[in-house]
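One-letter residues, chain by chain:
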Amino acid sequence: MRVIEGSLFTSTSPTAVSYQDHQLVCIDNSGYIERIIARTEPDFESVRQAASRSDTLVTLAADQYILPGFIDLHIHAPQWPNAGLALDRPLNEWLDTYTFPLEAKYADPAFAKRIYDALVSRLLSNGTTTALFFGTIHNPANLELAKACIRHGQRGFIGKVAMDNPKETPTYYQDASAQVAVEQTEQFIQQLSDLNRTTDLKQTPVITPRFVPSCTPASLQGLGDLAKKYDLPVQSHCSESDWENGFALEHYHMRDADVLDRYGLLTDKAVMAHGTLLNEQDYQLFKTRQVAIAHCPISNVYFGNAVLPVKRILHQQLKMGLGTDISGGYSPSLYHNIRQAVMSSRMLQDGVDNQLAADHRGVANSAISAKTAFYMATFGGAESLHLKTGKIAPGYLADLQIVQLSTHIIPPDKDDDIFDALLYQTEEQDIVQVYVQGKQTKGEL
């Protein structure tokens, strides 16, 4: 058993965080948290000494803290080389000029291996222990992504992207037909099942229609059938922008969410990215189907055409987590997205048009705190993926990050101030250790 001695922060609700001072976090051999022992408990010292004698004790410095590992609910793995490029372009132009040409390069598995090794390592260094990935249309490359996750020790949810609509996808980068898109998705499910036999850290296949514009009705139906047949997660984009939202209305005379639901793609294991233009009807449909939303606050600034009303959605008890949306989001850090989630919510509340009177400028009661954004990056993401993680508590997976308070900060006295300082000042170099399922993947104290 590994024992980590230190103080910790963990979410207890969408608006509350618990601080526990000087605890022993005891991790069993299966990678789960077995016990958390407070210093006041009678066996604290005996457990600590036993771990020290067996060389399984990790003792944190006074300015280091244990946090749950982060869960990235939306990331385009092949787009990592383009992070930050051309974010001033409209979404459809950005896809055609930058994104699709890059993703086509993953026909070369060697190229995929090099990029995915770098990406997975970088995500772990930023405290991301689980990631929900879009791959490409190429199964050999998608398997390289899964292998990178296994090599580096990250829990991956990985989708073979389906995109067969010849009117909305380039000829050099598309599935040859709906049948091919569905057959190769099923092939990837089977290939990943075979790969999982070689590792304790399982990688999960995900049904992945890119979005409604890129798929034909036949591929959407086939993918919905696969999701039901294998009881798998589903990921896509939904009402991300004026363009995408308008496409469904023009071509199907239905809301984007209704199109996905028609083909069986809105399930309790579905995660829909962005959702900036969802309406109340969509929220009710998501609640009925128990669909989760991946909030991508940095990316939404560039391509979302609106601010997601996080507080309103959480009040309706919908599942929601955070995503980086590389490369629509430029940063691999969920810390950066936590900060932007708070900033965007304040802009929604206060409004942005200074020509309007203050009482007409914004949307009242929209602001969220860092505690809510932290919840989404941890337990909200875990709940969205049906994972027993995202919280530091007995019975939960030991997916953890050890974070050092930035050296230029005068140590705060209050727990809430320490928490705020960690969330607003932590950068990659301040994350000194990362554990996934109890196994260390980054750093030494």
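Residues numbered from 1 in each chain as written. Predicted model: local features only at pLDDT ≥ 70, side-chain atom pairs only at ≥ 80, totals over all residues. Heavy atoms only, no water.

Caption draft 1: Geometry of the side chain of Thr129. Considering the arrangement of structural elements, one finds Thr129 in strand E7 (residues 128-134). Leaving out residues up to four positions away in the same chain, Thr129 has contacts with Gly69, Phe70, Leu124, Gln154, Arg155, Asp399, Leu400, Val434, Tyr435 and Val436. (Helix = DSSP H or I, 4+ residues; strand = E, 2+ residues; numbered from the N terminus. Contact = heavy atoms within 4.5 Å.)

Caption draft 2: Here's a closer look at the environment of Val352. By the element assignment, Val352 lies in the loop between helix H12 (334-350) and helix H13 (358-361). Taking the C-alpha atoms as reference points, Val352 and Leu220, 132 residues apart in sequence, are found 38 Å from one another. In this view, Val352 contacts Met347 and Arg361; residues no more than four positions away in its chain are not counted.

Caption draft 3: Main features of the layout of surface pockets. In this structure, the largest pocket occupies an estimated 320 Å³ of space. Taken together, 18 residues form the lining of the largest pocket, with Asp200, Val436, Gln437, Gly438 and Lys439 sitting closest to its centre. For the lining of the largest pocket, the per-class residue count stands at 5 nonpolar, 9 polar and 4 charged. The volume enclosed by the second largest pocket comes to roughly 150 Å³. Among the secondary structure elements, those contributing two or more residues to the lining of the second largest pocket are helix H10 (297-303) and H12. With 3 residues, H10 is the largest single contributor of residues to the lining of the second largest pocket. (1 Å grid on protein atoms, 1.4 Å probe; cavity = no way out; pocket = protein on both sides within 12 Å on 5 of 7 lines; lining within 4 Å. Points joined across faces, edges and corners; volume = space filled by probe spheres on them. Nonpolar A, V, L, I, M, F, W, Y, C, P; charged D, E, K, R; others polar.)

Caption draft 4: Broad picture of the pattern of salt bridges. Taken as a whole, this structure holds 20 salt bridges when the rule is applied. As a salt-bridge pair, Asp261 and Arg289 come within 2.7 Å of each other at their nearest N and O atoms. Note that Asp261 is positioned in helix H8 (residues 256-262) and Arg289 in helix H9 (residues 280-289), a separation of 28 residues in sequence. Among the residues examined, Asp261 registers a relative accessible area of 18% and is labelled buried. By relative accessible area, which is 34% here, Arg289 ends up partly exposed. What you see here is one network of salt bridges that share partners, running through Glu5, Glu45 and Arg48. (Salt bridge = Lys/Arg side-chain N within 4 Å of Asp/Glu carboxyl O. Buried < 20%, exposed > 50% of the residue type's maximum accessible area, 1.4 Å probe, protein only.)

Caption draft 5: Spotlight on the packing of aromatic side chains. A complete count under the given rule lists 12 aromatic pairs for this structure. Taking the centre distance of 4.8 Å and the plane angle of 40 degrees together, the rings of Phe9 and Tyr19 count as tilted. With Phe9 in strand E1 (residues 2-13) and Tyr19 in strand E2 (residues 16-27), this pair connects stretches of sequence that are 10 residues apart. Across from the ring centre of Tyr396, 4.4 Å away, lies the NZ or CZ of Lys388, which sits over that ring. Seen from the ring of Phe379, Lys391 lies directly overhead, with NZ or CZ sitting 4.5 Å from the centre. (Phe/Tyr/Trp six-rings, centres within 6.5 Å; stacked < 30°, edge-to-face > 60°. Lys NZ or Arg CZ within 6 Å of the ring centre and 35° of its normal.)

Caption draft 6: Quick look at a nonpolar patch on the surface. Side chains of Val301, Tyr302 and Tyr330 sit close together on the surface and give an oily, nonpolar patch of about 290 Å² of accessible area. Take Val301: it is sitting in helix H10. Assessed through its relative accessible area of 51%, Val301 is described here as exposed. (Patch = residues over 30% accessible without salt bridge, like charges linked within 9 Å, V, L, I, M, F, W, Y side chains within 5 Å. Areas by Shrake-Rupley, 256 points an atom, 1.4 Å probe, with all protein chains shown as cover.)

Caption draft 7: Broad picture of the pairing of strand E8 (residues 155-162). Most of E8 sits out of view: 8 of its 8 residues are buried. Both faces of E8 are covered, namely the face carrying Arg155, Phe157, Gly159 and Val161 and the face carrying Gly156, Ile158, Lys160 and Ala162. Pairing of E7 with E8, which is carried by 5 bridges, proceeds in the parallel orientation. Residue pairing in the sheet places Phe134 in a bridge with Gly159 of E8. The parallel pair E7 and E8, bridged by helix H4 (residues 139-152), forms a crossover whose chirality is right-handed. (Pairing = 2+ DSSP bridges. Right-handed = clockwise from strand over helix to strand, strands pointing away.)

Caption draft 8: Seen up close, the environment of Ala38. Along the chain, Ala38 falls in strand E3 (residues 33-38). Ala38 sits in the buried class, given a relative accessible area of 17%. In sequence terms Ala38 and Asp200 are 162 residues apart; their C-alpha atoms lie 30 Å from each other. Discounting chain neighbours no more than four positions away, the residues touching Ala38 are His22, Gln23 and Phe44.

Just distances and angles here, no functional claims.
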